[in-house]
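Structural description and commentary
Given next are the chains, with one letter for each unit.
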Amino acid sequence: MSNSYLVVQLQFFPNLFNRRTDRSRLRKSKRMGSNSMEGLPRTAVHFLLLIFCIASKCLAASGLNSTQMVTLKVDASPKLARKIPDIFLGVFFEEMGNGGAGGIWAELVSNRGFEAGGPNTPSNIDPWLIVGDDSSIFVETDRSSCFSRNIVALRMEVLCNDCPAGGVGIYNPGFWGMNIEDGKAYNLVMYVKSPKNTCLTVSLTSSDGLQNLASVNIIVAGKSKWIKVEKKLVAKGTNRTSRLQITSKKKGVVWFDQVSLMPADTYKGHGFRNGLVSMLLDLKPRFLRFPGGCFVEGGWLRNAFRWRQSIGPWEERPGHFGDCWQYWTDDGLGYFEFLQLSEDIGAAPIWVFNTGISYNDEVNTAIIAPFVKEILDSLEFARGSVNSTWGSVRAKMGHPKPFPVKYVAIGNEDCERKFYKDAKTLFSMKNTFDKSPRSGPKAFVSEYAVWKTDAGRGTLLASLAEAAFLTGLEKNSDAVEMACHAPLFVNDDIEKKWNPDVIVFNTWQHYGTPSYWMQKIFRESSGATVHPTTISSGGGGSANSLAASAITWKDSENNSFLRVKIVNFESDAARVTISTTGLESSIDVLRSTATVLTSTNVMDENSFSNPNKVVPVKSQLFEAGAQMQVTLAPHSFTSFDLALAPSKFATLADV
């Protein structure tokens, strides 16, 4: 993971390597968070949603101390308004927590090329296992592959003359089980060879092999050359923890390599898991930063991500061991696919490249020229014409049109700024950029989040501190160009090396943590207009526990809204008077709403058993105007959307 960057536009690229190399590269390990908590019904959230009170009688009835009054002033006059950058809020993807391999990348076979055990053979083929026993089948890896960049293949020898009825062979359970759904098609591709004619059966079965969901027979002609097999399997039943198995009943030897199984219905046909892409789309990210983070650098440079090895035909990609997060990736989700995903979700690609530095070693600047060339070549691959060396490779992969890469990020954690904090500290950092210079390069807060004990596996408390921090970035968006939360994805089946994450998934389900829902409330901020806000207290009220910002924005139908967002970080309810000046339009009460993110306990989390325990609840405002008194629930994040009415129409406030 990284902390923050300056964003460098490509026209300044020749100067990227004027940097110091004499600093220490020692880094602290990532630490795990706490376990998630039990869920409660969503009705509890509705029950605790406080009514927004306008009349003083209603406020008195709430039982709140009348001295605890806070005033939030919003100056919505055009002369003080400022446009937020169009690219302000985005998402950051790092290959960690099996977010790509076994996550948003829909490949179902784990270790499909048998390379994860290393180039020395025989090697471990985990998670592949045998169907049968040692007396009926023998498997081991050798270096007989037809692919020069990934030379390991699997040799399977069937030993039995009188094999069991179902045959013997090998199976792959995927990434903690394959989600196979009734009626859906799955595309099988694999490379095989055999010295003699043999018949193979490829099946999708339950984890114990007893339920057959789909199967196809394959005749392998007895030749010495490798052949490519492509088949479509249509499931007749649903099983969330299925496996792919390949069996034979005939004594003999067969070699396998590059065994792939992909769902036929991926997002736009580009190999991405539909449900997880949908979660990204709902955030409306303006940019996608990739592929890391620690994944870019590696614990050692030999294990760092190399874009050249992640492009071209998937069968020829060697893959590599991500030593920071301790698992193998076949790089099916490579540089090209990241660029494609950016295009598919309408986000600007931000390519993070390695600068010759890992956590434990680095190259001498005297011999850094190959790294410079690698970066320049990566940009030619993305932006070059079809007649350029690397642009032609992109065109052969099916994308002749250049990708619009306008930004790059230099390395990982090189500025040594900390943005991973406990909730109280991050809340207090909402004013971090108040005194930052407004001239010169803009800041990229490329990773921020609450972590450690009060973050759990995604608590309400964490999301409130992050929301407060974001209000500060929003108000300082003339100094901060871009910002994104991290980490993005985590597979619930793994031993988590980092908590919390924004989106949690397994083979077939997914849910957003409170931090996800918090970001969704900010999704209209990019390109909106921000207005000055001030918080003051009177008669003993506490303003220090509140954070707020205000924007005007337009929906897809060109309707205008003033959105006032307020975080109440205290365990007591807060009475706030929102005073708005400078509005050029009246407020249409009938279309004005309030959205509240809160729960019964500040440490509440979402889970598969209760994915909507902590989610925003939207309600209509019955009274709204240039001055309104509201009650904020304890430990809550509230967003008021005040609809701005066209001047020619009368509103409820005008009657």
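Keep in mind that this is a model prediction, so the values were computed, not measured.

With that out of the way, let us pick up the overall build of the chain. Counting its secondary structure elements, the chain contains 10 helices and 36 strands. In the chain, the share of contacts with a sequence separation of at least 24, taken over all contacts with a separation of at least 6, comes to 79%. Looking at the chain as shown, the accessible area adds up to about 26800 Å², and 52% of this sits on carbon and sulfur atoms.

Okay, the state of the cysteines next. For the structure shown, the criterion picks out one disulfide. Each disulfide pairs two cysteine sulfurs, and for Cys 160 the partner residue is Cys 163, the sulfurs being separated by 2.0 Å. On the S-S bond that ties Cys 160 to Cys 163, the torsion sits near 95°, and the link is right-handed.

On to the sheet that holds strand S16 (residues 252-263), then. The strands making up a sheet associate through hydrogen bonds between their backbones, and the pairing can be parallel or antiparallel. Overall, antiparallel pairing links the five strands, which are arranged S7-S8-S16-S11-S14 in an open sheet. Of all the strands in the sheet, the pair left with one neighbour each is strand S7 (137-142) and strand S14 (223-234). Across this sheet, the average inter-strand angle for adjacent strands is 30°, counted without regard to direction. Both strand S8 (residues 153-158) and S16 contribute to a ladder of five bridges, which runs antiparallel. Bridge pairing in S16 places Val 158 opposite Gly 252.

This part is about the sheet that holds strand S36 (residues 636-645). Spatially, the seven strands line up as an open sheet ordered S4-S28-S30-S31-S36-S33-S34, and their pairing is antiparallel. In this open sheet, the two edge strands, each paired with only one partner strand, are strand S4 (82-83) and strand S34 (617-620). With nine bridges joining them, strand S31 (residues 560-568) and S36 adopt antiparallel strand pairing. Residue pairing in the sheet places Val 567 in a bridge with Phe 637 of S36. Sheet strands in contact with helix H9 (residues 460-475) are S4, strand S28 (529-531), strand S30 (546-554), S31, strand S33 (586-597) and S36, and its direction is about 60° off that of S30. The strands that helix H10 (residues 514-521) touches are S31, S33 and S36; relative to S33, the one it contacts most, it runs at about 165°.

Our next topic: the side chain of Thr 513. Tracing the sequence through the fold places Thr 513 in the loop between strand S27 (510-512) and H10. Note on Thr 513: relative accessible area 1%, which makes it buried. A distance of 3.2 Å separates a polar side-chain atom of Thr 513 from the backbone oxygen of Asp 501. Other than its neighbours up to four places away in sequence, Thr 513 contacts Arg 457, Gly 458, Asp 501, Val 502, Val 504 and Asn 606.

If you walk through the whole model with that rule in mind, you get 31 aromatic pairs. The interplanar angle of 70° and the centroid separation of 5.0 Å between the aromatic rings of Trp 307 and Trp 390 together place this pair among those described as edge-to-face. One end of the pair, Trp 307, is in the loop between helix H4 (294-297) and strand S18 (320-322); the other, Trp 390, is in helix H7 (residues 389-396), and 83 residues separate them in sequence. In terms of burial, Trp 307 and Trp 390 fall into one category: buried. Considering the side-chain rings of Tyr 511 and Phe 608, the 5.0 Å spacing of their centres and the 85° angle between planes classify their relative orientation as edge-to-face. Of this pair, Tyr 511 sits in strand S27 while Phe 608 is found in the loop between S33 and S34, placing the two residues 97 residues apart along the sequence. Note that Lys 193 overlies the ring of Trp 255, its terminal NZ or CZ placed 5.1 Å from the centroid. Over the ring of Phe 92 we find Arg 289; its NZ or CZ atom is 3.9 Å from the centre of that ring.

Taken residue by residue, the chain gives an average pLDDT of 88. The fraction at 70 or more is 87%. Every residue in residues 1-67 scores below 50 in pLDDT, and together they form 180 contacts with partners more than four places removed in sequence or on other chains. Long-range and interchain partners of residues 648-655, a stretch whose pLDDT sits below 50, account for nine contacts in this model, where long-range means more than four residues apart.

The next thing to look at is helix H6 (residues 369-383). The first and last C-alpha atoms of H6 sit 21 Å apart over 15 residues, in line with the 21 Å expected at 1.5 Å per residue. Where H6 is buried, its residues contact helix H5 (335-344), strand S20 (348-353), H7 and strand S21 (407-410).

Moving on: unusual backbone geometry. Here the bond from Gly 292 into Gly 293 is cis, since omega is 10°, no more than 30 degrees from zero. Summarising the element assignment, Gly 293 is placed in the loop between strand S17 (287-290) and H4. That bond from Asn 499 to Pro 500 is cis: its omega, -5°, falls within 30 degrees of zero. By secondary structure assignment, the location of Pro 500 is in the loop between strand S25 (489-491) and strand S26 (503-505). Positioned with a positive phi, Lys 284 is a non-glycine residue whose angle comes to about 50°. Looking at where Lys 284 falls in the secondary structure, it is placed in the loop between helix H3 (274-281) and S17. Notably, Asn 558 is not glycine yet its phi reads approximately 70°, a positive angle.

Basis of the calculations
Residues numbered from 1 in each chain as written. Predicted model: local features only at pLDDT ≥ 70, side-chain atom pairs only at ≥ 80, totals over all residues. Heavy atoms only, no water. Helix = DSSP H or I, 4+ residues; strand = E, 2+ residues; numbered from the N terminus. Contact = heavy atoms within 4.5 Å. Areas by Shrake-Rupley, 256 points an atom, 1.4 Å probe, with all protein chains shown as cover. Disulfide = S-S within 2.5 Å. Pairing = 2+ DSSP bridges. Axes fitted to C-alpha atoms, helices over the stretch in contact; angles between N-to-C directions. Buried < 20%, exposed > 50% of the residue type's maximum accessible area, 1.4 Å probe, protein only. Polar contact = N/O pair within 3.5 Å; in protein donor to acceptor, adjacent residues only side chain to side chain. Phe/Tyr/Trp six-rings, centres within 6.5 Å; stacked < 30°, edge-to-face > 60°. Lys NZ or Arg CZ within 6 Å of the ring centre and 35° of its normal. pLDDT = per-residue confidence, 0-100. Expected span 1.5 Å × (residues − 1).

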